[in-house]
Amino acid sequence: MKILFFDAKRYDEESFDEELKKYDDIAIDYIESDIGIKTVRLASGYDAVCAFVSSDLGKEVLDELKRMGVGLVLMRCAGFNNVDTEYAKQLGIKVLRVPGYSPEAVAEHAMALALAVNRHIHKGYIRVRENNFGLNGLMGINMHGKTAGIVGTGKIGAAMAKICHGIGMSVIAYDMVENPELSFAKYVTFDELLSDSDLISLHCPLSHSTYHMICTETIDKMKDNVILVNTSRGALIKTDDLIKGIRNKKFFGVGLDVYEEETANVFENREDDILETSVTARLMSFPNVIVTSHQGFFTKEALSSISETTLMNACDYKNGKIKPANEVV
Ligand code: NAI
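Notes on the structure in this doc start here.

## Focus on the site of the ligand
- In the vicinity of the ligand there are 24 residues, among which Y101, K155, I156, D175 and T231 approach most closely.
- Within the backbone of G154, a nitrogen or oxygen atom sits 3.4 Å from an oxygen atom of the ligand.
- Between an oxygen atom of the ligand and a main-chain N or O atom of F297, the distance comes to 3.0 Å.
- When the ligand sits alone it has 870 Å² of accessible area, and the protein chains cover 86% of it.
- Of all the cavities here, the one that holds the ligand is the largest pocket.

## Things to note about the pattern of salt bridges
- Going through the model one piece at a time under the given rule, you end up with 21 salt bridges.
- Between R282 and D240 there is a salt bridge, and its shortest N-O distance comes to 3.2 Å. Here D240 lies in helix α9 (residues 239-247) and R282 lies in helix α10 (residues 279-284), a separation of 42 residues in the sequence.
- For R282, a relative accessible area of 28% gives the class partly exposed.
- Of the charged contacts in the structure, one is a salt bridge between R270 and E276, with a shortest N-O distance of 2.9 Å.
- Three or more residues are tied together by salt bridges with common partners; here these are D7, K9 and E268.

## Some remarks on the environment of E18
- Here E18 lies in helix α1 (residues 10-20).
- Spatially, the C-alpha atoms of E18 and S304 are 8.7 Å apart, while their sequence positions differ by 286 residues.

## Remarks on empty space enclosed by the protein
- Inspection of every chain in the model, using the stated rule, returns 3 cavities of 30 Å³ or more.
- In this model, the largest cavity occupies a volume close to 40 Å³.
- Forming the boundary of the largest cavity are N230, G234, I237, T239, L242, L256, V258, Y259, E260 and L283.
- Residues that form the lining of the largest cavity fall into these classes: 6 nonpolar, 3 polar and 1 charged.
- Approximately 40 Å³ is the volume attributed to the second largest cavity.
- Lining the second largest cavity, in full, are D12, F16, F52, R76, F297, L303 and I306.
- Counting only elements with at least two residues in the lining of the second largest cavity, the list comes to α1 and α11 (300-319).
- Considering only residue class, the lining of the second largest cavity consists of 5 nonpolar, no polar and 2 charged.

Rules behind the numbers
- Residues numbered from 1 in each chain as written.
- Predicted model: local features only at pLDDT ≥ 70, side-chain atom pairs only at ≥ 80, totals over all residues.
- Heavy atoms only, no water.
- Near = heavy atom within 4 Å.
- Polar contact = N/O pair within 3.5 Å; in protein donor to acceptor, adjacent residues only side chain to side chain.
- Areas by Shrake-Rupley, 256 points an atom, 1.4 Å probe, with all protein chains shown as cover.
- 1 Å grid on protein atoms, 1.4 Å probe; cavity = no way out; pocket = protein on both sides within 12 Å on 5 of 7 lines; lining within 4 Å.
- Sits in = over half its atoms within 2 Å of the grid points.
- Salt bridge = Lys/Arg side-chain N within 4 Å of Asp/Glu carboxyl O.
- Helix = DSSP H or I, 4+ residues; strand = E, 2+ residues; numbered from the N terminus.
- Buried < 20%, exposed > 50% of the residue type's maximum accessible area, 1.4 Å probe, protein only.
- Points joined across faces, edges and corners; volume = space filled by probe spheres on them.
- Nonpolar A, V, L, I, M, F, W, Y, C, P; charged D, E, K, R; others polar.

Next up, the structure:
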């Protein structure tokens, strides 16, 4: 099987090449460009393409894959909101993913953001580098004894709930499906979670029902001085409303690993570019906001799990034995 690997970074190549040693019937070519309408034709002659969170797998791209006889899209991530799944189904293109490579990696990053923004680590670090050892403006709050509200208690949300429980927080949760692993957590309505949480962490997928679930109406229901963390997908939060809320001093802190309009930025060094939107600049203008660039997944263990499952998916597809949990289409 020949796979064209789009949007390849050095760390991807290292991790996939290591895993590839187990297979003598799979070959991968890596290219830096991401898949999109201008680049999809490069996949001519390949059996599969490997894509990631910012790849364009809309109708036009899928049409072109079909025309070239590429029958398999290997998503090397859990989310697939960037794939037109209905259309892929119509075309008979299989889409496989890595449903849970390291939920702990993302949950630990979510907690890192919550703690960093709470204790002003970003400011403390810069101050000490400048020989400013003053503490004014750096006061945080104890997480111990406070209430964490976890929205979505699947794999990552459950890992985050356990971390919060571990540091002595009460955990409340909102999900349509209760996770039996979380006996210490209390399931509540979304409104109750908003009004009772000192820390709100978002862990549900982006869908019609979750799009802009955090907006002025829901922000108004939150406690004053709440900490909000999003490591899920940017569009769960309506950014303009979030900015309004930050200006109204609703938040003690906001930690974002994902944000709307991040697509052109994700994993790119754009220091010489004039950015097309002001979203990051506006968010970064606030002292109580920390933004990272979709790095929640980025641990050694997670990368090796991603390459292992992606190549296993390729192999299972070839052998006609696809694992249902990994099948998007
Ligand atoms: P999962 O499928 O295990 O869990 C998602 C949970 O959300 C499920 O329990 C589901 O019932 C719940 N849910 C769905 N709609 C909901 C709603 N309207 N309200 C409340 N709960 C709802 O998914 P997992 O692995 O925990 O991943 C969660 C999300 O994290 C992914 O969809 C992805 O967007 C994001 N992610 C971010 C990464 C990063 O690097 N920042 C890496 C991996 C995933």
